[in-house]
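Listed here are the chains, written in short residue letters.
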Amino acid sequence: MTNLKNLTYGIVGLGIMGGSIAKAIRLNILSQSGAQGKILACNRSTACLVQAKEEGVVDETFQSTDVQKMIPHCDVLFICLYPHATLDFLKEHKASFKSGAVVTDISGVKGIFEKELPSLLRTDVDFIIGHPMAGGEKEGYANSKAEFFINHNYILCEQTFNKKDNLVLMRNLITAMGFSRITETTCDIHDYKIGFTSQLCHVIASALVESAEDPEITAFGGGSFEDLTRIAMINAPLWTELFISNKEKLVQHIENFQKKMDAFKTAIKEEDSATLKNLLEDTREKRVQMGSIRTVIR
C-alpha cells in the first residue's frame, strides 16, 4: 500500500481551496514522524506562495509560467482552478505529468469532465474526478484552513479508466485530510444534486439580497437574513461559470423552487391558513428527514 507520508503533492492554484488542501496534508500527513513527502505549489500571483512557504505549509513554489518544472515531480496533483481552466490545463500540460501520477480536480460541475477526459489523458496518468464539499465564503489563501474539512463530505465520481489502487489511495488521502464521509456517485447525479444543494442555494441567497429595496433593512435583522445570505458573498466569475456549465439541471431546480414559492404566495395572499399550515408542516417533516441522511465512507 502506498505510504501517504512519502508522496510528493502538487497544488495548482493556491487559493482558499488549494491552500486548505495543502494545510490539511501538511498538518495531518506530512507532520507525522518519519514523513519524507513534500508539497509543491504553483500560483499566478506570488504573494500567497511567499506566505505559504514562510508558514512552512509548502516546500517549494512555482509561478504559473514555471508550472512545467513542477508537474513531473508530483505523485498526486490537485488542480484547484475553475472548471474550464482545469480542462485547459490538462490539454496544455498533457505531456508533463509524471508517469503513474494521480491527478484530481475540485470543481463544482462534473459533466464537462466526463465528456472531455478520455481525449485528454495519457494511459499512464489517472485522473480521479473529485469534489470536496467544504470551504468558506471568503476568497484567497489567507482565508484557507485545514479545519474546513473536518467532518465534511468528499464526492468521488469513479470512471471506468480509474485504477483500483489509485481509488484506494485517494480514499485514504481524503480520510487522512479530515473528511468524515465519502460519497461515490456518477457525474450526472453529482451535477443534479449539487445543482440543488449548492448552486440553487447560491441563486436563492443572491436573489434575496438583490430583492431588498431598502439597503438599511438589515438593521432589523435578528440572524435569519444573515444565515440565509452568508453564501451571497459570492465569487462572481466562478459561480457564473458553475451556473452556466450546469444550466439544464440548475434551471430545472429554479423552476421547481418558483412553483413552491408561488404556492406559499397564493396561500398567504388568499389567507388560506389550512394550506399554509400543511405546507409548513410538510416542510418541517421533510427537513427532519433530510437531516438524517448520511453517506458512510467505504
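Placed above this text is the structure.
Scope of this entry: the structure provided in the associated data block. (Residues numbered from 1 in each chain as written. Predicted model: local features only at pLDDT ≥ 70, side-chain atom pairs only at ≥ 80, totals over all residues. Heavy atoms only, no water.)

## Comments concerning the overall build of the protein chain
Link 1 in the chain: Within the protein chain one finds 11 helices and 8 strands.
Link 2 in the chain: For 298 residues, the compact-globule estimate of 2.2 N^0.38 gives 19 Å, and the C-alpha radius of gyration of the protein chain, at 21 Å, lies within 12% of that figure.
Link 3 in the chain: Expressed along its principal axes, the backbone C-alpha trace of the protein chain runs to roughly 65 × 40 × 35 Å.
Link 4 in the chain: Per-residue burial over the protein chain gives 42% buried out of 298 residues.
Link 5 in the chain: Surface accessibility of the protein chain: about 16,400 Å² in total, with carbon and sulfur atoms responsible for 54%.
Link 6 in the chain: In the protein chain, 33 positive and 37 negative side-chain charges are present, and the distance between their average locations comes to 6 Å. (Helix = DSSP H or I, 4+ residues; strand = E, 2+ residues; numbered from the N terminus. Rg over C-alpha atoms; globule rule 2.2 N^0.38 Å. Buried < 20%, exposed > 50% of the residue type's maximum accessible area, 1.4 Å probe, protein only. Areas by Shrake-Rupley, 256 points an atom, 1.4 Å probe, with all protein chains shown as cover. Lys, Arg positive; Asp, Glu negative; His and termini not counted. Charge placed at Lys NZ, Arg CZ, Asp CG, Glu CD.)

## Here's the deal with the sheet that holds strand β7 (residues 153–157)
Link 1 in the chain: With respect to topology, 8 strands assemble into an open sheet ordered β3-β2-β1-β4-β5-β6-β7-β8, the strand pairing being mixed. Because the sheet does not close on itself, it has two edges, and the strands there are β3 (60–63) and β8 (181–184). On average, adjacent strands in this sheet sit at an angle of 25 degrees to one another, irrespective of strand direction.
Link 2 in the chain: By the bridge criterion, 4 bridges tie strand β4 (residues 76–79) to strand β5 (residues 102–105) in an arrangement that is parallel. Bridging from a neighbouring strand, isoleucine 79 pairs with aspartate 105 of β5.
Link 3 in the chain: Packed onto the sheet, helix α5 (residues 111–120) meets β5 and β6 (126–133) and runs at close to 165 degrees relative to β6. (Pairing = 2+ DSSP bridges. Axes fitted to C-alpha atoms, helices over the stretch in contact; angles between N-to-C directions. Contact = heavy atoms within 4.5 Å.)

## Some remarks on the nonpolar core
Link 1 in the chain: Tyr9, Ile25, Phe78 and Leu173 are the most contacted members of the largest nonpolar core, which has 41 residues in total.
Link 2 in the chain: Breaking this core down by element, the ones donating at least two residues are β1 (8–12), α1 (16–30), β2 (38–43), α2 (47–54), β4, β7 and α6 (164–176).
Link 3 in the chain: Of the residues forming this core, the biggest block, 8 residues, is contributed by α1.
Link 4 in the chain: Once you skip the residues sitting within four places of it in the chain, phenylalanine 78 turns out to touch Gly10, Ile11, Val12, Ile21, Ile25, Thr104, Tyr154, Met170, Leu173 and Met177. (Core = buried A, V, L, I, M, F, W, Y, C linked by side-chain atoms within 4.5 Å.)

## Some thoughts on the pattern of salt bridges
Link 1 in the chain: In this structure the tally under the stated criterion is 11 salt bridges.
Link 2 in the chain: Linking arginine 122 and aspartate 124 is a salt bridge whose minimum nitrogen-to-oxygen distance equals 2.9 Å.
Link 3 in the chain: Residue aspartate 124 is classed as partly exposed on the basis of its relative accessible area, which comes to 28%.
Link 4 in the chain: Arginine 171 is paired through a salt bridge with glutamate 184; the nearest N and O atoms lie 2.7 Å apart. You can see arginine 171 sitting in helix α6 and its partner glutamate 184 sitting in strand β8, a full 13 residues away along the chain. (Salt bridge = Lys/Arg side-chain N within 4 Å of Asp/Glu carboxyl O.)

## Observations regarding the pairing of β4
Link 1 in the chain: Along β4, one buried face is formed by Val76 and Phe78 and the opposite face, lined by Leu77 and Ile79, is buried too.
Link 2 in the chain: Bridge count between β1 and β4: 4 bridges; the pairing is parallel. Residue tyrosine 9 lies in a different strand from β4, and its bridge partner there is valine 76.
Link 3 in the chain: Note on the crossover from β4 through helix α4 (residues 83–92) to β5: the handedness is right-handed. (Right-handed = clockwise from strand over helix to strand, strands pointing away.)

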